[in-house]
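The primary structure of each chain is shown beneath.
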Amino acid sequence: MVFSCQKKPTPPTPPVPVNLDTVKARRVLYYDKYPSTTQALSQVNIYPEVQGYITGIFFKEGAHVKKGQELYEIDKRLFQAAYDQAEANLKVAHGTTVQSQQDADRYVYLNKQKAVAEQLYDHAIITLENAQNSEKAAEQAVKTAKTNLAYSVIYAPFDGTIGFSQVKLGNMVTVGQTILNTISSDNPMAVDFLINEKQLSAFESFFKSDKQEPDSLFTILMPDNTLYPYPGKISIIDRAVDQQTGAIRVRLEFPNPDYVLKVGMSTIVRVHNQDVNPQLVVPSKAVVEQMGEYFVFVDKDTLLAPHETDQKKDEDKKEGEKEEKVPAHLAFQKKVLLGQTVGPNVVVKSGINEGDRVIIDGVQLLHDGSRINPGSKKPTDTASNNMQGTTLESKKKN
């Protein structure tokens, strides 16, 4: 019995079932999103200007207050008494001035007539000047007492929302040390976020543009992911870029007539894209990530020998017979630069061309040069564990 030692050739790998999608250029509407925080345009801590006990609180905590509205009262009895005393002292000083003026006028007349000693004349003039200075000092004392009396009642410096009171009735407050409360403006509200320095020119153009920007250019998503109903506009672009992060702060202003926006809320700023040129879009599941880079597989028509496609075995070929090549499909990997994700799709900035046939199902089983069978992959098929990379869609889910 004779055994052949010749090994049979390894049969070619069967084609991978895949589905294709033809790349088309179309206009894409999307939003660039930035984490943001709401801020008050004005916010101040309220301190007492005089010392004393709190005798009145005239607001509801957390409510909207108007400029000039009474907020607190500090025991004003001592300040009222000081003011009344200063007023009385002023009247006494004024009377002394009137008397000194009369005496001085009399001595001036007598001095012209050489009917009085020079010393008495000089004393009369000095007494008048002292009386006048004393009256001025009394006037200043009245102003000080009146100011302290006015400071015993604390008013809202501007329209805004007031917080929780830090003191209660009867508490002693000290000048410049005790924080009574905090008040912040509430309409409009500011929303601050950071952009990369590469995006600065675009935001500068929005800020300096003379034409009216569309209402939908700047919108925000609330913490519960609902859309805030009022659009915003650029208010401020910070003066400098952070050298460590390469970021710069931008501030938007949003109307807040219903006082829905509160200071410190975490929101998402949405900036509507202004690029009207058509862009290439592919399904996110067609994109494979490898080592931080992104790739897609593109179908290419080619011709292969029959034995390469397993359509005819070498041993079935007759001697001298010419081997004709047959059509086949191969998958070639292309590196791409991605743009914005738009729903289930992603914008491709470079790496493929319009009209390319991108593989969207079955990419996990492919490598560069794999034979494929287009249109034979069921979208519900489970992917193999032998993955060459991670699809962008699966990365999002994770």
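Structural notes, computed from the coordinates. These figures come from a predicted structure and were not determined experimentally.

About the criteria used
Residues numbered from 1 in each chain as written. Predicted model: local features only at pLDDT ≥ 70, side-chain atom pairs only at ≥ 80, totals over all residues. Heavy atoms only, no water. Core = buried A, V, L, I, M, F, W, Y, C linked by side-chain atoms within 4.5 Å. Buried < 20%, exposed > 50% of the residue type's maximum accessible area, 1.4 Å probe, protein only. Helix = DSSP H or I, 4+ residues; strand = E, 2+ residues; numbered from the N terminus. Contact = heavy atoms within 4.5 Å. Salt bridge = Lys/Arg side-chain N within 4 Å of Asp/Glu carboxyl O. Pairing = 2+ DSSP bridges. Axes fitted to C-alpha atoms, helices over the stretch in contact; angles between N-to-C directions. Phe/Tyr/Trp six-rings, centres within 6.5 Å; stacked < 30°, edge-to-face > 60°.

1. Considerations on the nonpolar core
If you look at the biggest cluster of nonpolar residues, it comprises 25 residues, and the most contacted ones within it are Ile54, Val65, Leu71, Tyr72, Ile74 and Leu180. The set of elements that each furnish at least two residues to this core consists of β7 (70-74), α1 (77-112) and α2 (118-151). Filtering out sequence-adjacent residues up to four positions away, isoleucine 74 remains in contact with Pro48, Val50, Gln51, Gly52, Tyr53, Ile54, Thr55, Phe79, Tyr151, Ser152, Ile154 and Val173.

2. A few points about the pattern of salt bridges
On inspection of all chains with the given rule, the structure shows 11 salt bridges. Taking the shortest distance from any N to any O, the salt bridge between arginine 106 and aspartate 103 comes out at 3.2 Å. You can see arginine 106 and its partner aspartate 103 sitting in helix α1, three residues apart, about one turn around the helix. On the basis of relative accessibility, which here comes to 47%, the residue arginine 106 falls in the partly exposed class. Look at aspartate 103 and you get partly exposed, because its relative accessible area is 31%.

3. A look at unusual backbone geometry
Only a minority of non-glycine residues have a phi that is not negative, and only a minority of peptide bonds are not trans. Cis geometry is adopted by the peptide bond preceding proline 188, which originates at asparagine 187 and carries an omega value of 5°. Secondary-structure assignment places proline 188 in the loop between β11 (181-184) and β12 (189-196). Despite not being glycine, tyrosine 259 has its phi angle at roughly 55°, a positive value. Position of tyrosine 259 among the secondary structure elements: in the loop between β15 (247-254) and β16 (266-272). At methionine 291, a position not held by glycine, the phi torsion is positive, near 55°. Inspection of the secondary structure assignment puts methionine 291 in the loop between β18 (288-290) and β19 (293-304).

4. Topic: the sheet that holds strand β14 (residues 233-237)
An order of β13-β16-β3-β12-β15-β14 is seen for the six strands of this open sheet, with the pairing classed as antiparallel. This sheet does not close on itself; its edge strands, each paired only once, are β13 (218-221) and β14. This sheet shows a mean twist of 35° between the axes of neighbouring strands, independent of strand direction. When β14 meets β15, the two strands line up antiparallel, connected through four bridges. Residue pairing for β15: isoleucine 237 is matched across the bridge by valine 250. With respect to the sheet, helix α3 (residues 200-208) is in contact with β3 (31-39), β12, β13, β14, β15 and β16, its orientation differing from that of β14 by roughly 120°.

5. A closer look at the packing of aromatic side chains
Within this structure, the stated rule accounts for nine aromatic pairs. Their ring planes at 40° and their centres at 5.3 Å tell us that tyrosine 34 and phenylalanine 193 sit as a pair that is tilted. With tyrosine 34 in strand β3 and phenylalanine 193 in strand β12, this pair connects stretches of sequence that are 159 residues apart. Phenylalanine 193 shares its class with tyrosine 34; the two are buried.

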